[in-house]
Amino acid sequence: MNDYPKNFRKTFDHPGGEGSESFLNTLCKKLRTSSLKGAWVFIFTLSLLGVVGSTQLASAGSDAAISHPMPYLGTPSNDVAITRISRYLTMRDGVKIAIDLYLPKQLKEGETLPTMLHQTRYWRSIEYRWPWYLIMDPAPRGLMAKFAKRFLANGYAWVDVDVRGSGASFGTRRFPYSPEEIKDGAEIVEWIVNQPWSDGNVGAIGISYDGAAAELLLANKHPAVKAAAPLFSAFDLYAEIAYPGGIHLTWFTNTWQQVIDKLDRNILPFGGWLTALFAKGVLPADEDSDRTLLGHAIQDHSANWNPHQEAMGIVFRDDPSSFSPASTIDTISSHSYATDVGASGAAVYSYSGWFDGAYPHAAIRRHVTLSNPANKLIIGPWDHGGKNNISPFGTGPSEFDHAGELLKFFDEHLKGIDTGIREEKPVHYYTMGEEQWKATDTWPPKATMVSYYLAPDNRLTTQKPSLAQASDTYQVDPTTGTGEESRWHTLIHRPITNPYPDRSEQDQKLLSYTTIPLDQDIEVTGHPLVTLYVASTATDGTFFVYLEDVDEEGHVTYITEGMLRALHRHFGKSAPPYKNVVPYRTFSRRDARSLMPGEITSLTFDLLPTSYVFKKGHRIRLAVAGADHTHFRILPGPPPTITLYRTSIFPSHLHLPIVSSKIH
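All figures in this text were calculated on a predicted structure; none of them were measured in a lab.

A. Up close: the overall build of the protein chain. Each helix and strand in the protein chain was counted, giving 15 helices and 27 strands. Out of the 664 residues in the protein chain, the part that is buried amounts to 64%. Residue pairs in contact within the protein chain that sit at least 24 positions apart in sequence constitute 79% of those at least 6 positions apart.

What follows is the structure, given as structure tokens:
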């Protein structure tokens, strides 16, 4: 492939997409002397959603200066002869579920293997048109193709599943992660363990939606399922994906709805007419030679639940859903099943990246809530899916061996191999700026919470204010936003090549406060908190804060952010449904509080977790906004004017978890 553009090659050399490496390699050979250059455009377009191309890097390697976790190769090669069977399994209620079974071709009679189960919302495999299917091998083509081939090469069976109401499976999706869907997983496991090639051990794995499906498989408490890896996936759907800070993430729910609507109608979401030249849609089961069964399945999908429409009708966590008055968004959140997941006894590997939407907090919540000592947590410098490093000092394709790390985990729990993972600390995290992996027994690691106060002349200082009257007025600018190169856009597997550019320009629209140059490096690791004392001309409002790094030349680097809708500012007294490392806010209707125009009130909320070193000579900045039009809902009515107070009585401040031993 060296004769093709480097930026094109990167599309396939990095994780995040569906597809077959063997298809790519074969297609490259076929097209070297061909004039069908449009094929490259087609494959690149599909890779934007993660429909074709490599999913996870399977080569041995690491991000910068890796010392933890310990590399584990197993058999590093993906080259293994594979057999595939596509078929339907009939569930207890008659619904047919489409699966692909992959086995190593050299499997001897009587030989048994552990099995990896991947249940997906995004098509288990693609059907290609003539003549492209003539050059296809039976290798996995689904969302986790490279994972699958790595595991198959290391002595596993692999099963890809279209979950109920999606892909080639029958049924209608009343809502995601329904009890029916969760029970399907148990029946599929039961089918697996009764096959002659199964050794009776099953692991679950998946990214994003599929990651939560892997976690929820454990709620069945099937004894065969020994371990699960929910990768880059939510734990609390309200707080982490639909309404971070109680603000509707409209960009995501709308975009995701458009994507799954096309998938459910058997249309690839991107690529247009060029896509149609190469792909028909989802792969039918082998028994469906005339595609009649697939047609009936697609008809079932026409009545599927509409997540964006549902989200538009919800403000509070306890608002009843449209699919059942007795249900709320918590009904479909993984945290509601935490007791059963914990009771399964299975080991859980919570896996995320610092720029993976709000999912690093999901991974943390999951890890601190589930108590199995064999559980693991890792947070790297990655976007959603782990395909790219987003550390400001190390952007580019990730070289971390995700598949090897997970093979180390599953070999331990499914094969009983001493891979060394039990001797490692349970938590690994990557410190950006320092570009180092670190390990700890608990999250968050030990740190000192240091307050940085808003001060005159847009300064940020550790000195508490002494003035009786001091404030800054800000007219909310509804055109402010964080752009398309953001942590939120990666949630649709969009490649982010230049994260958060032009923050200096954006900060001109915000109210910002900046420290003097630091006289030493300062590491911030954990969960920053902010308390703002504000008055507004409106009865509600959305508040966004950004933690930023300003270097000697004035370049501004985004580190993390937090947000809160003022209506949800009251914490309430209800016990949290899971363990927390930050103050728990209910977001319930009972605890709603409107603002009184002109009245001073406090807003305390956490920023998304991070681990970052501010270098000596750099400055720490807190920037405050009243909108992020790129991603979040703009509330109706004229943009309000807010007054931000910084007095001895109302000392607005930022709390930073500082790991450094000296604070200045």
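Text resumes after the structure shown.
B. Structural context of the packing of helix 5 (residues 179–193) against helix 6 (residues 209–217). Relative to each other, helix 5 and helix 6 sit at 70 degrees, their axes nearing to 9 Å. Taken together, helix 5 and helix 6 sit at an angle that is classed as roughly perpendicular. Every pair of crossing elements has a handedness; the one defined by helix 5 and helix 6 is right-handed. Contact residues: E181, I182, G185, A186 and V189 in helix 5; Y209, L216 and L217 in helix 6. Considering only residue class, the contact of helix 5 with helix 6 consists of 6 nonpolar, 1 polar and 1 charged.

C. Just the side chain of E548, in detail. Positionally, E548 belongs in strand 21 (residues 542–550). Of note is the side chain of E548, whose polar atom sits 3.0 Å from the side chain of R503. E548 has contacts with R503, D507, V556, T557, Y558, I559, F614, R619, I620, R621 and A623, leaving out every residue within four places of it along the chain.

D. Highlighting helix 10 (residues 292–301). Turning to helix 10, its buried residues are L294, A297, I298 and H301. The buried residues of helix 10 occupy one face: seen down the axis, they fall within an arc of 100 degrees. Where helix 10 is buried, its residues touch strand 1 (82–90), helix 8 (250–264) and strand 8 (279–282).

E. Up close: empty space enclosed by the protein. For the structure shown, the criterion picks out 6 cavities of 30 Å³ or more. As for the second largest cavity, its lining consists of 23 residues, of which A239, G245, R365, F587 and D606 are closest to the centre. Residue assignment for the lining of the second largest cavity shows that the elements contributing at least two residues are helix 7 (237–242), helix 13 (359–369), strand 22 (556–565) and strand 23 (601–606). In terms of residues, the lining of the second largest cavity owes the most to one element, strand 22, which gives 3 residues.

F. Geometry of the nonpolar core. The biggest cluster of nonpolar side chains holds 182 residues, and the ones touching the most others in it are W158, L231, L406 and F410. F410 has contacts with M116, F151, Y156, G203, A204, I205, A227, A228, A229 and K415, leaving out every residue within four places of it along the chain.

G. Up close: the packing of aromatic side chains. Inspection of every chain in the model, using the stated rule, returns 33 aromatic pairs. Here the aromatic rings of Y533 and F650 are separated by 5.5 Å at their centres, their planes lie at 50 degrees, and the arrangement is tilted. Residue Y533 is located in strand 20 (residues 529–536), and its partner F650 is located in the loop between strand 26 (641–645) and strand 27 (653–658); the two are separated by 117 residues in the primary sequence. For F650, a relative accessible area of 28% translates into the label partly exposed. Lying across the ring of Y546, R503 places its NZ or CZ 4.8 Å from the centre.

H. Region of interest: the side chain of E405. Here E405 shows up in helix 14 (residues 402–415). A polar side-chain atom of E405 sits 3.0 Å from a polar atom in the side chain of K408.

I. View of the pairing of strand 5 (residues 157–162). For strand 5, a buried count of 6 out of 6 residues is recorded, marking the element as mostly surrounded by other parts of the structure. As paired strands, strand 2 (residues 96–104) and strand 5 are joined by 4 bridges and run antiparallel to one another. Paired with D100 across the two strands is D160, which belongs to strand 5. As paired strands, strand 3 (residues 113–120) and strand 5 are joined by 6 bridges and run parallel to one another. The partner of M116 across the bridge, within strand 5, is W158.

J. Helix 5, seen in detail. The terminal C-alpha atoms of helix 5 lie 22 Å apart, and with 15 residues this matches the ideal 21 Å at 1.5 Å per residue to within 8%. Taken as a whole, helix 5 has its buried residues at E181, I182, D184, G185, A186, I188, V189, W191 and I192.

About the criteria used
- Residues numbered from 1 in each chain as written.
- Predicted model: local features only at pLDDT ≥ 70, side-chain atom pairs only at ≥ 80, totals over all residues.
- Heavy atoms only, no water.
- Helix = DSSP H or I, 4+ residues; strand = E, 2+ residues; numbered from the N terminus.
- Buried < 20%, exposed > 50% of the residue type's maximum accessible area, 1.4 Å probe, protein only.
- Contact = heavy atoms within 4.5 Å.
- Axes fitted to C-alpha atoms, helices over the stretch in contact; angles between N-to-C directions.
- Parallel < 35°, antiparallel > 145°, perpendicular 65-115°, else oblique.
- Left-handed = near helix turned anticlockwise from the far one by under 90°.
- Nonpolar A, V, L, I, M, F, W, Y, C, P; charged D, E, K, R; others polar.
- Polar contact = N/O pair within 3.5 Å; in protein donor to acceptor, adjacent residues only side chain to side chain.
- Arc of directions from axis to C-beta.
- 1 Å grid on protein atoms, 1.4 Å probe; cavity = no way out; pocket = protein on both sides within 12 Å on 5 of 7 lines; lining within 4 Å.
- Points joined across faces, edges and corners; volume = space filled by probe spheres on them.
- Core = buried A, V, L, I, M, F, W, Y, C linked by side-chain atoms within 4.5 Å.
- Phe/Tyr/Trp six-rings, centres within 6.5 Å; stacked < 30°, edge-to-face > 60°.
- Lys NZ or Arg CZ within 6 Å of the ring centre and 35° of its normal.
- Pairing = 2+ DSSP bridges.
- Expected span 1.5 Å × (residues − 1).

These figures come from the coordinates and say nothing about function on their own.
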